[in-house]
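Notes for the structure review
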Amino acid sequence: MNAAHTDTLLQVRAARRYGTLSPLRYPGGKASLAGFFADVIEALDLTDPTYVEPYAGGAGAGVALLVEGHVDRLVVNDFDPAVHSFWVAATEHCEALCALVADKPLTVEEWRRQKAVYRAADDTDPLALGFAFFYLNRTNRSGILNAGPIGGVNQTGNYKIDARFNRPELVRRLEAIGERAHRITVSNKDGRSIVQEHASDPNAFLYIDPPYLAAGGSLYLNAFTHRDHADLAATVRAYPHGNWVVTYDDAPYIRRLYEGEAVQSYALYYSAHRAVRSTELAVLSPSVSGVVATGHADAG
Ligand SMILES: C[S@@+](CC[C@H](N)C(=O)[O-])C[C@H]1O[C@@H](n2cnc3c(N)ncnc32)[C@H](O)[C@@H]1O
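What comes next is a walk through the structure.

What counts and how
Residues numbered from 1 in each chain as written. Predicted model: local features only at pLDDT ≥ 70, side-chain atom pairs only at ≥ 80, totals over all residues. Heavy atoms only, no water. Helix = DSSP H or I, 4+ residues; strand = E, 2+ residues; numbered from the N terminus. Buried < 20%, exposed > 50% of the residue type's maximum accessible area, 1.4 Å probe, protein only. Contact = heavy atoms within 4.5 Å. Near = heavy atom within 4 Å. Polar contact = N/O pair within 3.5 Å; in protein donor to acceptor, adjacent residues only side chain to side chain. Areas by Shrake-Rupley, 256 points an atom, 1.4 Å probe, with all protein chains shown as cover. Phe/Tyr/Trp six-rings, centres within 6.5 Å; stacked < 30°, edge-to-face > 60°. Axes fitted to C-alpha atoms, helices over the stretch in contact; angles between N-to-C directions. Parallel < 35°, antiparallel > 145°, perpendicular 65-115°, else oblique. Left-handed = near helix turned anticlockwise from the far one by under 90°. Nonpolar A, V, L, I, M, F, W, Y, C, P; charged D, E, K, R; others polar.

Description of the overall build of the protein
Across its full length, the protein carries 11 helices and 8 strands. Considering the protein as a whole, with its 300 residues, one finds that 53% of them fall into the buried category. Within the protein, residue pairs in contact and separated by at least 24 positions form 70% of the contacts whose partners lie at least 6 positions apart.

Right under this line is the structure:
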């Protein structure tokens, strides 16, 4: 997915661009916003910034910001027990996780085993559940957890089960996280309580990327109701002095929830299924909107 822009859209053109640094595949992941966030955080002149993702998933942008040294601390929160287990494993059992990534066979037989671990959803063993989640995330078609393996169960497709499992590269990305584990806080609360914990910290920047209104397929836990979206909007809007960005699919309901805030459209290219451009919404807190409007964040 690449950020793109037209004259009428928010120009998500950052001063810097980073490669993919998160070990997880997230269709629609927001790693490409990392450069833009780096510019915003610099323009806000935060001291030892804490970057907070209350709906983290692969925390694509957050990992890039930490590894590239733009933020001091990372708060990674996800309500999904499997996603949370992955982050616990990556930060607390990194060596063991890397050993599994280096050695586990990439076969349909192993895929079935990991799928059974994932389905059992036993989060008392975060290494096992976190690795199962990671394995399926890297071997399933489009990274969608309910999809079959790349190449099909008979491995007759052009791409095989190992197509997205470059062991040395994935170990490298995991080690980059493990080395910085002391600066990463992992939790599995409801996203709104994370917003409440951090939004009044003047040195925190919150990137809020909840399940979309029209969350398609089984990309991630997406049991968000209209009520949940409304509650989140009320929570976020209670912090007008916070530094936050919320992204969403472009829908009249979401525009209504954030009416009166700085709501901008921006365009993204998704690669999960095919290269379709979709226009999304970014809601900017007054402080973020201020640095973007004055051009200090080099967003245009
Ligand atoms: C759109 S994804 C985030 C993608 C992420 N920004 C990235 O770049 O990889 C939304 C995430 O929110 C999580 N989630 C769903 N409901 C939640 C809740 N109530 N509290 C916290 N996380 C939740 C899902 O498990 C999913 O991983």
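Having put the structure on the table, let's press on.
Topic: the site of the ligand
Looking at the ligand, there are 24 residues lining it, with Lys30, Asp78, Asp190, Gly191 and Asp209 nearest. The contact in question runs from a nitrogen atom of the ligand to an N or O atom on the side chain of Glu53, over 3.5 Å. Note that an oxygen atom of the ligand is positioned 3.5 Å from one of the backbone N or O atoms of Ala59. Coverage of the ligand by the protein amounts to 97% of the 600 Å² it exposes when considered alone.

Description of the packing of aromatic side chains
For any two aromatic rings, the description comes down to two numbers: the centre-to-centre distance and the angle of the planes. On inspection of all chains with the given rule, the structure shows 13 aromatic pairs. Between Phe134 and Phe165 the ring centres are 5.8 Å apart and the planes differ by 75 degrees, which places this aromatic pair in the edge-to-face class. Here Phe134 is found in helix 6 (residues 126–139), whereas its partner Phe165 is found in the loop between helix 6 and helix 7 (167–178), with 31 residues between them in sequence. Take Phe134 and Phe165: they sit in the same class, and that class is buried. Among the aromatic side chains, those forming a connected cluster through ring pairs are Phe86, Trp87, Phe131, Phe134, Tyr135 and Phe165.

Comments concerning unusual backbone geometry
One non-glycine residue with positive phi stands out, namely Ala59, at about 45 degrees. Position of Ala59 relative to the elements: it lies in the loop between strand 2 (50–53) and helix 2 (60–67). A positive phi angle, near 50 degrees, is found at Ala121, a position not held by glycine. Along the chain, the position of Ala121 falls in the loop between helix 5 (108–120) and helix 6. On the basis of relative accessible area, Ala121 is assigned to the partly exposed category, the value being 41%.

Thoughts on the environment of Arg255
Looking at where Arg255 falls in the secondary structure, it is placed in helix 10 (residues 252–257). For the pair Arg255 and Leu281, spaced 26 residues apart in the sequence, the C-alpha separation amounts to 8.4 Å. In this view, Arg255 contacts Asp250, Val263, Ser265 and Leu281; residues no more than four positions away in its chain are not counted.

Quick notes on the environment of His84
By secondary structure assignment, the location of His84 is in helix 3 (residues 81–92). Among residues more than four places away in sequence, those in contact with His84 are Asp78, Val186, Ser187 and Asn188.

Regarding the packing of helix 5 against helix 6
Between helix 5 and helix 6, the shortest axis-to-axis distance is 8 Å and the interhelical angle comes to 130 degrees. Compared by their axis directions, helix 5 and helix 6 come out oblique. In this structure, the crossing between helix 5 and helix 6 has a hand that is left-handed. Between helix 5 and helix 6, the residues in contact are Glu110, Trp111, Gln114, Lys115, Val117 and Tyr118 and Ala128, Leu129, Phe131, Ala132, Phe133, Tyr135, Leu136 and Thr139, respectively. For the contact of helix 5 with helix 6, the per-class residue count stands at 10 nonpolar, 2 polar and 2 charged.

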